[in-house]
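Overview (structure and organization)
Each chain is listed here by its residues.
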Amino acid sequence: MRLANRSGRLHLVTDTGAVDVATTSGGRFDADPQKIYPRWAEFRAWAEAAELPDGRPFDPADLGSPVPAPAQLVAVGLNYHDHAAETGVAAPSHQPSVFGKFTSSISGPCTTVRLPQGNVDWEAELAVVIGTTAAHVTEADAPRHIAGYTAAQDLTERLLQMSGPVPQFGLGKSYPGFTPLGPWLVTPDEIPDPGALRLTSAVNGEVVQDGNTRDLIFGVPALISHLSQVITLWPGDVILTGTPAGVGWGRQPPRYLSPGDTLTTHVEHIGTLTQRFT
Ligand code: ZN
(Lines give C-alpha, C1' and ligand atoms only; values in the text may rest on other atoms or scores of the structure.)
Protein backbone atom coordinates (compact mmCIF):
# COMPACT_ATOMS: atom_id res chain seq x y z
CA MET A 1 0.00 0.00 0.00
CA ARG A 2 1.18 3.50 -0.83
CA LEU A 3 -0.12 6.53 1.02
CA ALA A 4 0.38 10.06 -0.25
CA ASN A 5 -0.42 13.56 0.90
CA ARG A 6 -1.98 15.18 -2.15
CA SER A 7 -2.70 18.88 -1.63
CA GLY A 8 -3.01 18.30 2.12
CA ARG A 9 -5.40 15.32 1.86
CA LEU A 10 -4.62 11.68 2.49
CA HIS A 11 -4.71 9.52 -0.67
CA LEU A 12 -4.09 5.89 -1.44
CA VAL A 13 -1.89 5.58 -4.53
CA THR A 14 -3.04 2.81 -6.86
CA ASP A 15 -2.03 1.70 -10.35
CA THR A 16 -4.47 4.22 -11.82
CA GLY A 17 -3.69 7.22 -9.63
CA ALA A 18 -4.69 8.72 -6.28
CA VAL A 19 -7.84 7.83 -4.30
CA ASP A 20 -9.05 10.27 -1.64
CA VAL A 21 -9.34 8.41 1.68
CA ALA A 22 -11.81 10.70 3.47
CA THR A 23 -14.23 10.71 0.52
CA THR A 24 -13.91 6.99 -0.27
CA SER A 25 -14.36 6.01 3.38
CA GLY A 26 -17.50 8.13 3.64
CA GLY A 27 -15.83 10.36 6.20
CA ARG A 28 -14.76 7.51 8.47
CA PHE A 29 -11.15 8.63 8.18
CA ASP A 30 -9.93 12.22 8.35
CA ALA A 31 -8.45 13.95 5.31
CA ASP A 32 -5.45 15.10 7.39
CA PRO A 33 -2.63 12.60 6.60
CA GLN A 34 -1.11 12.86 10.08
CA LYS A 35 -4.36 11.76 11.75
CA ILE A 36 -4.27 8.31 10.14
CA TYR A 37 -1.35 7.01 12.22
CA PRO A 38 -3.10 6.79 15.63
CA ARG A 39 -5.71 4.63 13.86
CA TRP A 40 -3.19 2.66 11.82
CA ALA A 41 -4.46 -0.91 12.37
CA GLU A 42 -8.07 0.11 11.79
CA PHE A 43 -7.11 2.04 8.66
CA ARG A 44 -5.04 -0.79 7.17
CA ALA A 45 -7.85 -3.26 7.70
CA TRP A 46 -10.29 -0.90 5.97
CA ALA A 47 -7.92 -0.09 3.08
CA GLU A 48 -7.16 -3.74 2.39
CA ALA A 49 -10.85 -4.69 2.25
CA ALA A 50 -12.26 -1.54 0.59
CA GLU A 51 -13.44 -1.53 -3.01
CA LEU A 52 -11.55 1.46 -4.28
CA PRO A 53 -12.68 3.58 -7.22
CA ASP A 54 -10.26 4.28 -10.07
CA GLY A 55 -7.51 6.63 -8.95
CA ARG A 56 -7.08 10.05 -10.46
CA PRO A 57 -3.82 11.06 -12.15
CA PHE A 58 -1.88 13.55 -10.08
CA ASP A 59 1.08 15.87 -10.36
CA PRO A 60 4.00 14.89 -8.04
CA ALA A 61 4.49 18.62 -7.43
CA ASP A 62 1.16 18.60 -5.55
CA LEU A 63 2.41 16.08 -2.99
CA GLY A 64 3.21 17.04 0.59
CA SER A 65 4.93 14.88 3.17
CA PRO A 66 3.05 11.63 3.89
CA VAL A 67 3.81 12.44 7.54
CA PRO A 68 3.46 16.24 7.63
CA ALA A 69 3.52 16.82 11.40
CA PRO A 70 5.04 14.00 13.47
CA ALA A 71 5.19 14.61 17.20
CA GLN A 72 8.83 13.49 17.09
CA LEU A 73 11.35 13.62 14.27
CA VAL A 74 14.30 11.52 15.37
CA ALA A 75 17.54 11.31 13.40
CA VAL A 76 20.55 9.02 13.65
CA GLY A 77 24.13 10.09 12.88
CA LEU A 78 27.13 8.05 11.78
CA ASN A 79 25.09 4.92 11.08
CA TYR A 80 27.13 3.74 8.07
CA HIS A 81 30.80 2.83 8.51
CA ASP A 82 31.82 4.48 5.22
CA HIS A 83 30.13 7.76 6.23
CA ALA A 84 31.71 7.72 9.70
CA ALA A 85 35.09 7.18 8.02
CA GLU A 86 34.67 10.14 5.66
CA THR A 87 33.86 12.44 8.60
CA GLY A 88 36.90 11.25 10.55
CA VAL A 89 34.75 10.30 13.56
CA ALA A 90 34.74 6.83 15.11
CA ALA A 91 31.55 4.92 14.33
CA PRO A 92 29.38 4.11 17.35
CA SER A 93 29.54 0.48 18.38
CA HIS A 94 27.25 -0.03 21.40
CA GLN A 95 24.41 2.39 20.76
CA PRO A 96 23.33 4.70 17.95
CA SER A 97 24.14 8.45 17.91
CA VAL A 98 20.74 10.11 18.15
CA PHE A 99 19.59 13.70 17.76
CA GLY A 100 16.35 15.51 17.00
CA LYS A 101 15.30 17.61 14.03
CA PHE A 102 12.56 20.22 14.38
CA THR A 103 9.37 19.32 12.56
CA SER A 104 8.98 22.75 10.90
CA SER A 105 11.77 21.58 8.55
CA ILE A 106 9.51 18.93 6.96
CA SER A 107 8.35 19.33 3.37
CA GLY A 108 6.93 17.30 0.52
CA PRO A 109 9.02 15.44 -2.07
CA CYS A 110 9.30 18.10 -4.81
CA THR A 111 10.30 21.49 -3.48
CA THR A 112 12.36 24.61 -3.89
CA VAL A 113 14.62 25.27 -0.90
CA ARG A 114 16.06 28.67 -0.03
CA LEU A 115 19.71 28.25 0.93
CA PRO A 116 20.68 29.97 4.19
CA GLN A 117 24.17 31.42 4.68
CA GLY A 118 26.75 28.69 5.16
CA ASN A 119 27.56 25.26 3.77
CA VAL A 120 24.45 23.26 2.90
CA ASP A 121 25.07 19.55 2.41
CA TRP A 122 23.04 16.50 1.35
CA GLU A 123 22.26 13.27 3.23
CA ALA A 124 20.06 10.65 1.53
CA GLU A 125 18.28 8.48 4.12
CA LEU A 126 15.69 5.79 4.59
CA ALA A 127 12.96 7.05 6.94
CA VAL A 128 10.76 4.81 9.10
CA VAL A 129 7.30 5.84 10.24
CA ILE A 130 5.90 4.41 13.48
CA GLY A 131 2.43 2.85 13.38
CA THR A 132 1.83 1.80 17.00
CA THR A 133 3.27 3.14 20.25
CA ALA A 134 6.67 1.60 21.00
CA ALA A 135 8.17 1.59 24.50
CA HIS A 136 10.80 -0.91 25.66
CA VAL A 137 10.39 -3.12 22.60
CA THR A 138 12.82 -5.83 21.60
CA GLU A 139 14.41 -6.00 18.15
CA ALA A 140 12.26 -9.03 17.39
CA ASP A 141 9.11 -7.11 18.27
CA ALA A 142 10.12 -3.84 16.56
CA PRO A 143 8.79 -4.58 13.04
CA ARG A 144 5.18 -4.73 14.21
CA HIS A 145 5.47 -1.08 15.33
CA ILE A 146 6.31 0.10 11.79
CA ALA A 147 3.63 1.74 9.62
CA GLY A 148 5.94 2.03 6.63
CA TYR A 149 8.92 3.61 4.97
CA THR A 150 9.57 6.76 3.02
CA ALA A 151 12.56 8.48 1.41
CA ALA A 152 14.22 11.38 3.21
CA GLN A 153 16.84 14.05 2.72
CA ASP A 154 18.51 15.27 5.91
CA LEU A 155 19.72 18.62 4.55
CA THR A 156 22.35 20.13 6.81
CA GLU A 157 24.08 23.49 7.14
CA ARG A 158 27.48 22.34 8.37
CA LEU A 159 28.78 25.59 9.91
CA LEU A 160 25.85 25.91 12.32
CA GLN A 161 25.83 22.15 12.94
CA MET A 162 29.40 22.28 14.22
CA SER A 163 29.47 25.77 15.79
CA GLY A 164 29.70 26.51 19.48
CA PRO A 165 31.25 24.58 22.35
CA VAL A 166 29.11 21.55 21.49
CA PRO A 167 27.64 20.70 18.06
CA GLN A 168 24.13 21.93 17.22
CA PHE A 169 22.91 19.07 15.10
CA GLY A 170 19.22 19.85 15.49
CA LEU A 171 19.41 23.52 14.61
CA GLY A 172 21.78 23.19 11.65
CA LYS A 173 19.47 20.59 10.12
CA SER A 174 16.15 22.36 10.66
CA TYR A 175 15.94 25.31 8.27
CA PRO A 176 12.63 25.42 6.34
CA GLY A 177 12.52 22.65 3.74
CA PHE A 178 15.52 20.79 5.22
CA THR A 179 13.59 17.53 5.71
CA PRO A 180 11.87 16.54 2.46
CA LEU A 181 9.91 13.29 2.89
CA GLY A 182 8.10 11.19 0.33
CA PRO A 183 7.03 10.77 -2.32
CA TRP A 184 4.70 8.53 -0.29
CA LEU A 185 4.64 6.08 2.59
CA VAL A 186 5.19 2.49 1.46
CA THR A 187 3.93 -0.26 3.78
CA PRO A 188 6.37 -3.01 4.79
CA ASP A 189 4.61 -5.70 2.73
CA GLU A 190 5.68 -3.87 -0.46
CA ILE A 191 9.37 -3.77 0.50
CA PRO A 192 11.13 -7.11 -0.01
CA ASP A 193 13.88 -6.31 2.51
CA PRO A 194 14.27 -2.92 4.25
CA GLY A 195 17.79 -4.08 5.11
CA ALA A 196 18.79 -4.17 1.43
CA LEU A 197 17.62 -0.92 -0.18
CA ARG A 198 19.86 1.06 -2.50
CA LEU A 199 19.80 4.80 -1.80
CA THR A 200 21.37 7.53 -3.89
CA SER A 201 21.78 11.30 -4.09
CA ALA A 202 22.63 13.14 -7.30
CA VAL A 203 23.55 16.81 -7.74
CA ASN A 204 22.59 18.10 -11.19
CA GLY A 205 22.49 14.49 -12.37
CA GLU A 206 25.92 13.52 -11.00
CA VAL A 207 25.61 10.69 -8.47
CA VAL A 208 27.30 11.74 -5.23
CA GLN A 209 25.97 9.09 -2.82
CA ASP A 210 25.31 5.46 -3.71
CA GLY A 211 24.76 3.33 -0.64
CA ASN A 212 22.67 0.44 0.59
CA THR A 213 20.81 -0.08 3.86
CA ARG A 214 22.55 -3.45 4.19
CA ASP A 215 25.52 -1.38 5.43
CA LEU A 216 23.60 0.24 8.30
CA ILE A 217 25.47 -0.21 11.58
CA PHE A 218 22.16 -0.24 13.48
CA GLY A 219 19.38 -1.56 11.28
CA VAL A 220 15.77 -0.47 11.59
CA PRO A 221 14.71 -3.02 14.28
CA ALA A 222 17.80 -2.23 16.36
CA LEU A 223 17.13 1.52 16.10
CA ILE A 224 13.50 1.16 17.21
CA SER A 225 14.53 -1.09 20.08
CA HIS A 226 17.36 1.21 21.23
CA LEU A 227 15.27 4.38 20.97
CA SER A 228 12.29 2.83 22.74
CA GLN A 229 14.38 2.01 25.82
CA VAL A 230 14.54 5.79 26.42
CA ILE A 231 11.76 7.60 24.57
CA THR A 232 8.24 6.47 23.84
CA LEU A 233 7.74 6.37 20.08
CA TRP A 234 4.25 7.44 19.07
CA PRO A 235 2.20 6.62 15.97
CA GLY A 236 3.24 8.95 13.18
CA ASP A 237 6.73 9.58 14.56
CA VAL A 238 9.55 9.55 11.99
CA ILE A 239 13.05 8.11 12.35
CA LEU A 240 15.74 9.09 9.84
CA THR A 241 18.11 6.14 9.83
CA GLY A 242 21.36 7.84 8.77
CA THR A 243 23.24 8.49 5.57
CA PRO A 244 25.90 6.55 3.63
CA ALA A 245 29.20 8.00 2.38
CA GLY A 246 29.40 10.71 -0.26
CA VAL A 247 28.26 13.83 1.59
CA GLY A 248 29.82 17.11 0.44
CA TRP A 249 31.57 17.68 3.77
CA GLY A 250 33.57 14.46 3.39
CA ARG A 251 34.96 15.39 -0.06
CA GLN A 252 38.38 16.80 -0.90
CA PRO A 253 37.81 19.66 -1.39
CA PRO A 254 34.41 19.89 0.34
CA ARG A 255 31.47 20.54 -1.95
CA TYR A 256 28.18 22.17 -1.00
CA LEU A 257 24.90 23.11 -2.65
CA SER A 258 24.63 26.35 -4.64
CA PRO A 259 21.70 28.35 -5.99
CA GLY A 260 20.48 26.72 -9.19
CA ASP A 261 21.48 23.20 -8.14
CA THR A 262 19.01 20.32 -8.30
CA LEU A 263 19.35 17.48 -5.78
CA THR A 264 17.70 14.16 -6.61
CA THR A 265 17.36 11.53 -3.89
CA HIS A 266 16.19 8.00 -4.62
CA VAL A 267 15.43 5.08 -2.32
CA GLU A 268 14.83 1.74 -4.01
CA HIS A 269 11.22 0.43 -3.85
CA ILE A 270 10.07 3.81 -2.47
CA GLY A 271 10.70 6.66 -4.90
CA THR A 272 12.39 9.95 -5.62
CA LEU A 273 12.71 13.38 -3.98
CA THR A 274 13.67 16.43 -6.04
CA GLN A 275 14.92 19.67 -4.48
CA ARG A 276 15.87 22.81 -6.36
CA PHE A 277 17.90 25.44 -4.52
CA THR A 278 17.68 29.22 -4.65
ZN1 ZN B 1 21.43 12.49 8.61
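Residues numbered from 1 in each chain as written. Predicted model: local features only at pLDDT ≥ 70, side-chain atom pairs only at ≥ 80, totals over all residues. Heavy atoms only, no water.

1. Here's the deal with the packing of aromatic side chains
In total, this model carries eight aromatic pairs according to the counting rule given. Both rings, one in Phe29 and one in Phe43, keep their centres 5.4 Å apart while their planes meet at 90 degrees; by these two values the pair is edge-to-face. Here Phe43 lies in helix 2 (residues 40–49) and Phe29 lies in the loop between helix 1 (21–24) and helix 2, a separation of 14 residues in the sequence. Summarising the burial analysis for this pair, Phe29 and Phe43 share the class buried. The interplanar angle of 35 degrees and the centroid separation of 6.0 Å between the aromatic rings of Phe43 and Trp46 together place this pair among those described as tilted. Separated by three residues within a single helix, Phe43 and Trp46 lie in helix 2, roughly one turn from each other. (Phe/Tyr/Trp six-rings, centres within 6.5 Å; stacked < 30°, edge-to-face > 60°. Helix = DSSP H or I, 4+ residues; strand = E, 2+ residues; numbered from the N terminus. Buried < 20%, exposed > 50% of the residue type's maximum accessible area, 1.4 Å probe, protein only.)

2. Topic: the sheet that holds strand 17 (residues 262–267)
The strand order across the open sheet formed by five strands is 8-18-17-14-15, and the pairing between neighbours is mixed. Two strands in the sheet have a free side with no partner beyond their single neighbour: strand 8 (110–113) and strand 15 (206–212). Within this sheet the neighbouring strands show an average axis-to-axis angle of 15 degrees, counted without direction. Pairing of strand 17 with strand 18 (residues 271–277) involves six bridges; the strand directions are antiparallel. Paired with Thr264 across the strands is Thr274, a residue of strand 18. (Pairing = 2+ DSSP bridges. Axes fitted to C-alpha atoms, helices over the stretch in contact; angles between N-to-C directions.)

3. Digging into helix 2
Since one α-helical turn is 3.6 residues long, residues separated by three or four positions face the same way. The set of residues buried in helix 2 consists of Trp40, Phe43, Arg44, Trp46 and Ala47. One side of helix 2 carries all its buried residues, which in axial view fall inside an arc of 165 degrees. When the buried face of helix 2 is taken as reference, the exposed residues oriented beyond 90 degrees from it are Ala41, Glu48 and Ala49. Buried positions along helix 2 lie against strand 1 (2–6), strand 2 (9–13), helix 1, strand 11 (146–153) and strand 13 (179–186). (Arc of directions from axis to C-beta. Contact = heavy atoms within 4.5 Å.)

4. Concerning the coordination of the zinc ion
At 1.9 to 2.0 Å from the zinc ion lie its protein donor atoms, namely Glu123 (OE), Glu125 (OE) and Asp154 (OD). Here the donor residues of the zinc ion share one chain and are spaced in sequence as E-x1-E-x28-D. Like Glu123, the residue Glu125 is buried in the burial classification. (Donors = N, O, S within 2.8 Å, 3.2 Å for Na, K, Ca; no water.)

5. Remarks on the pairing of strand 1
Bridge count for strand 1 against strand 13 is two bridges, and the pairing is antiparallel. The partner of Leu3 across the bridge, within strand 13, is Leu185. Here strand 1 pairs with strand 2 via five bridges, running antiparallel. Along strand 2, the bridge assignment pairs Leu3 with Leu12. Here strand 1 folds back onto strand 2 in antiparallel fashion, the turn holding two residues, of which Ser7 has a positive phi close to 50 degrees.

6. Brief notes about the pattern of salt bridges
Oppositely charged side chains may form a pair once their charged atoms are brought near each other. This model, assessed by the stated rule, comprises 15 salt bridges. Between Arg158 and Asp121 there is a salt bridge, with its nearest N and O atoms 2.9 Å apart. Separated by 37 residues along the polypeptide, Arg158 in helix 4 (residues 158–162) and Asp121 in strand 9 (residues 120–121) bring together distant segments of the chain. Each of the salt bridges in this network shares a partner with another, and the network as a whole consists of Lys101, Asp121, Glu123, Asp154, Arg158 and Lys173. (Salt bridge = Lys/Arg side-chain N within 4 Å of Asp/Glu carboxyl O.)

7. Quick look at the pairing of strand 2
With four of its five residues buried, strand 2 lies for the most part within the structure. As paired strands, strand 2 and strand 3 (residues 18–20) are joined by three bridges and run antiparallel to one another. Residue pairing across strands places His11 opposite Asp20, the latter belonging to strand 3. Counting the residues in the hairpin turn of strand 2 and strand 3 gives four residues, including Gly17, whose phi is positive at 150 degrees.

8. A word on the nonpolar core
Soluble globular proteins: nonpolar side chains tend toward being buried together. If you look at the biggest cluster of nonpolar residues, it comprises 33 residues, and the most contacted ones within it are Tyr149, Ile224, Ile239 and Ile270. For this core, the secondary-structure elements that each account for two or more residues are strand 5 (73–77), strand 10 (124–130), strand 11, strand 13 and helix 6 (220–228). Setting aside anything within four residues of it in sequence, one finds Tyr149 in contact with Leu126, Ala127, Val128, Trp184, Leu185, Val186, Pro188, Ile191, Pro194, Val220 and Ile270. (Core = buried A, V, L, I, M, F, W, Y, C linked by side-chain atoms within 4.5 Å.)

Take it as geometry only, folks, not as evidence of what the structure does.
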